[in-house]
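Residue-level structural notes
Spelled out, the chains give:
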Amino acid sequence: MSPDTKQIAVRLTQQIEASGPISVAEYMRVANTAYYGRADPLGKDGDFITAPEISQMFGEMVGIWLSDMWLRHRPATCHYVELGPGRGTLAADALRTMQRFGWEPAVHFVENSPAMRAKQLQAVPDAIFHDNLESLPTDAPLFVVANEFFDALPVRQMVSTQAGWRERVVVHDIEAGFAAMADACATDDLIPEQFRAAAVGSIYEICPDASSIMHQLSDRLAKQGGVMLIIDYGYTQPALGDTLQAVQSHKYADPFNNPGQVDLTAHVDFFELSNCAKNCGLMLAGPSDQGAWLLGLGIDQRAQHLAASNPDRAADITAARNRLVEPDAMGALFKILATYTQGWPQPEGFGLYPAQSAI
Ligand code: SAH
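What counts, and at which threshold
Sequence order sets the numbering: in each chain, residues are counted from 1 along the sequence as written. Confidence filtering applies because this is a predicted model: local features only for residues at pLDDT of at least 70, side-chain atom pairs given and counted only at 80 or more, and all residues used for totals across whole chains, interfaces and linings. The basis for every side-chain value is the complete set of non-hydrogen atoms in the structure, without hydrogens or water. Only DSSP runs of H or I with at least four residues qualify as helices, and only runs of E with at least two residues qualify as strands; both kinds are numbered from the N terminus onward. Any two residues having at least one pair of non-hydrogen atoms within 4.5 Å are treated as being in contact. Paired strands, as defined in this entry, are two strands with at least two bridges between them according to DSSP. Orientation is described by axes fitted as lines to C-alpha atoms, over the contacting stretch for helices, and by angles from 0 to 180 degrees between their N-to-C directions. Each residue is tested against the molecule or strand, and it is near if at least one of its non-hydrogen atoms lies within 4 Å. What qualifies as a polar contact is a pair of N or O atoms within 3.5 Å, subject to a donor-acceptor requirement within protein and to the restriction that residues adjacent in sequence count only when both atoms come from side chains. Note that accessible areas follow from Shrake-Rupley with a 1.4 Å probe, and for residues the cover is restricted to the protein chains shown. Each residue is assigned to one class: nonpolar for Ala, Val, Leu, Ile, Met, Phe, Trp, Tyr, Cys and Pro, charged for Asp, Glu, Lys and Arg, and polar for all the others, Gly among them. A pairing counts as a salt bridge when a side-chain nitrogen of Lys or Arg comes within 4 Å of a carboxyl oxygen of Asp or Glu.

Turning to its location among the elements, Ala 92 is positioned in helix H5 (residues 89-100). Here the alpha-carbon distance between Ala 92 and Pro 21, two residues 71 residues apart in the chain, equals 42 Å. Sequence-distant contacts of Ala 92, that is, excluding residues within four places in its chain, are made with Ala 123 and Val 124.

Structure below.
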């Protein structure tokens, strides 16, 4: 066990000893803050890899999509905002593409990890950092991007027991370590009607931070104008299921082992995010499958062009395209949701596109 892990594990143990079991969300918040604060976990030698790290084509497609919205609406000024930008790769690829259309907005990164901020500055030296949404500018429309951001936010878990629904809480034992169990208080009121009678052992997840962030941003877009593109893995209708997962060195791990050393995520509830936007009066497009969206925006044409100008890299470009687009890779698991201010143009990429075979 590294000193880092020990420190976080000791801190969580002391917290549990002092004030009793903590929610799964609290455990996930402490563990992930330590995890992202410690070092950059992305890439082949890290724990996991994201779409922008697979190929520049991903950020370029995001840049094209944003440029199209910008060209058709033409706000006098506006801001690019990214939530949890990782290494800043998506932003660098999108901004380079946007520049080709003559668009160079101010860049704002919402990021709470000092280690990630240092990486992001290397990719986008002009970025302005924000700890949270509150300090984002209020003077002009926002073009917001969030790729694999919402899945890192802490989830509460409810479990169905013989006695009714209960919150799952984390306990600690010197021998067994951390483990989750059902708390004593009833939480049936938090469960949607259709799931109240679900089988014992069923899990229902709630992500209060995701709802709050989506609500705040939607409120901003309704007032100042703008668009938001959310890309993540998740579900599009209310659902039961334990989606909390830990990944370390590209392999699944036990979420209750080694807090702060493994990446903890949960699937994103796109139904809830859509509702937050709708309740603020915004328009919606999607959620669509990532593969269909990328094909609709022309990833195949881009891949062909890139391969023609870099023949020695053609096989890698095809492999990256397939990984991003094909349904048995990231194409169907990842969803894309767009939300935008009423009166703004209808976004591209959300029509029905037939699945295409590999180039
Ligand atoms: N979007 C990037 C990285 C995804 S990893 C990519 O696609 O490659 C999640 C990112 O969100 C990291 O940069 C992490 O530091 C950041 N993050 C996680 N929780 C956050 C929070 N509550 N507030 C701000 N940033 C957060």
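Let us now look at the sheet that holds strand S11 (residues 245-248). A sheet is described by the order of its strands in space; here three strands give the open sequence S12-S11-S13, paired in antiparallel fashion. The strands lining the two open edges of the sheet, one partner per strand, are strand S12 (251-253) and strand S13 (263-265). Shown here is a sheet whose adjacent strand axes are inclined to one another by a mean of 40 degrees, direction ignored. Relative to S13, S11 is paired through three bridges, and the arrangement is antiparallel. Pairing of Val 247 across the sheet is with Asp 263, part of S13.

Time to look at the site of the ligand. Near the ligand lie 15 residues; those nearest to it are Thr 50, Gly 84, Gly 86, Glu 111 and Asn 147. Here Thr 50 contributes a side-chain N or O atom positioned 2.6 Å from an oxygen atom of the ligand. The side chain of Asn 147 places a nitrogen or oxygen atom 2.6 Å from an oxygen atom of the ligand. In the complex, 92% of the free accessible area of the ligand, which totals 570 Å², lies under the protein chains. For the shell around the ligand, a count of residues per class yields seven nonpolar, six polar and two charged.

For the rest of this paragraph, the subject is the pattern of salt bridges. Counted by the stated rule, this structure contains 17 salt bridges. Of the charged contacts in the structure, one is a salt bridge between Arg 29 and Asp 209, with a shortest N-O distance of 3.0 Å. Linking Arg 29 in helix H2 (residues 24-38) with Asp 209 in helix H7 (residues 208-224), this pair joins segments that are 180 residues apart in sequence. Taking the shortest distance from any N to any O, the salt bridge between Asp 289 and Lys 335 comes out at 2.9 Å. In this pair, Asp 289 is assigned in strand S15 (residues 283-289) and Lys 335 in strand S16 (residues 334-340), connecting sequence segments 46 residues apart.

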